[in-house]
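Each chain, letter by letter, is given below.
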Amino acid sequence: MEKNGLETEQRIVGFVDILGFKGMIEKYDKGENPEILQHLVDAMNAAMNYLKSNSLLNKNTEAPFFVFKECLEAKVFSDNLCLSAPLEYKSFKFFDQLNFFYKYISKYQEFLFQLGIFTRGGVEIGSYYSDENIIFSGGLVD
């Protein structure tokens, strides 16, 4: 929907937040949990590396991970990860996109879980707009 030159589009959207994050930050600020920041960075990078290594095994298509990474939007603030991907992109149809989306988000959660960090969240299809300053999304609200 477009109004005043701004437009939302239907996208796959996801949201993940970390349970007990306030306590983690309080411990970090007191010097009691100095590794938490590194754990979060490692989990994000590990999820991307997992997708990269697994998609390159299939030589029959254009490198799917690299194509998916072109269209995946991932923004992290505090303990929140917001993800978005188009319903279709280049030669990849909806179920291809959804498959990559779930692989990414589940690997992120799995790597955090292995570090004893628990998360919650959801995935939805809905309206989405973002720029460098704002995310506006009915899909995230749902």
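Visitor: Lay out the nonpolar core with the relevant residues and their values.
Guide: What tends to happen in soluble globular proteins is that the nonpolar side chains get buried as a cluster. Core analysis: the largest hydrophobic core is formed by 21 residues, its most contacted members being Ile18, Leu81, Leu83, Phe101, Tyr104, Tyr108 and Leu112. A total of 6 residues in this core trace back to one element, the largest contributor, which is helix α4 (residues 94–114). Not counting residues within four places of it along the chain, the set of residues in contact with leucine 112 comprises Ile18, His39, Leu40, Ala43, Ile117 and Thr119.

Visitor: An account of a nonpolar patch on the surface is requested, with residue identities and associated values reported.
Guide: Judged by side-chain polarity, Leu19, Phe113 and Phe118 come together as a nonpolar surface patch covering roughly 310 Å² of accessible area. Within the secondary structure layout, phenylalanine 113 lies in helix α4. Given the relative accessible area of 51%, phenylalanine 113 is considered exposed.

Visitor: So what's going on with the pairing of strand β4 (residues 73–77)? Which residues, and what values?
Guide: In the sheet, β4 pairs with strand β5 (residues 80–86) via 5 bridges, with the strands oriented antiparallel. From the neighbouring strand, phenylalanine 77 faces β5, where its bridge partner is asparagine 80. Joining the antiparallel neighbours β4 and β5 is a turn of 2 residues, in which serine 78 adopts a positive phi near 55°.

Conventions adopted
- Residues numbered from 1 in each chain as written.
- Predicted model: local features only at pLDDT ≥ 70, side-chain atom pairs only at ≥ 80, totals over all residues.
- Heavy atoms only, no water.
- Core = buried A, V, L, I, M, F, W, Y, C linked by side-chain atoms within 4.5 Å.
- Buried < 20%, exposed > 50% of the residue type's maximum accessible area, 1.4 Å probe, protein only.
- Helix = DSSP H or I, 4+ residues; strand = E, 2+ residues; numbered from the N terminus.
- Contact = heavy atoms within 4.5 Å.
- Patch = residues over 30% accessible without salt bridge, like charges linked within 9 Å, V, L, I, M, F, W, Y side chains within 5 Å.
- Areas by Shrake-Rupley, 256 points an atom, 1.4 Å probe, with all protein chains shown as cover.
- Salt bridge = Lys/Arg side-chain N within 4 Å of Asp/Glu carboxyl O.
- Pairing = 2+ DSSP bridges.

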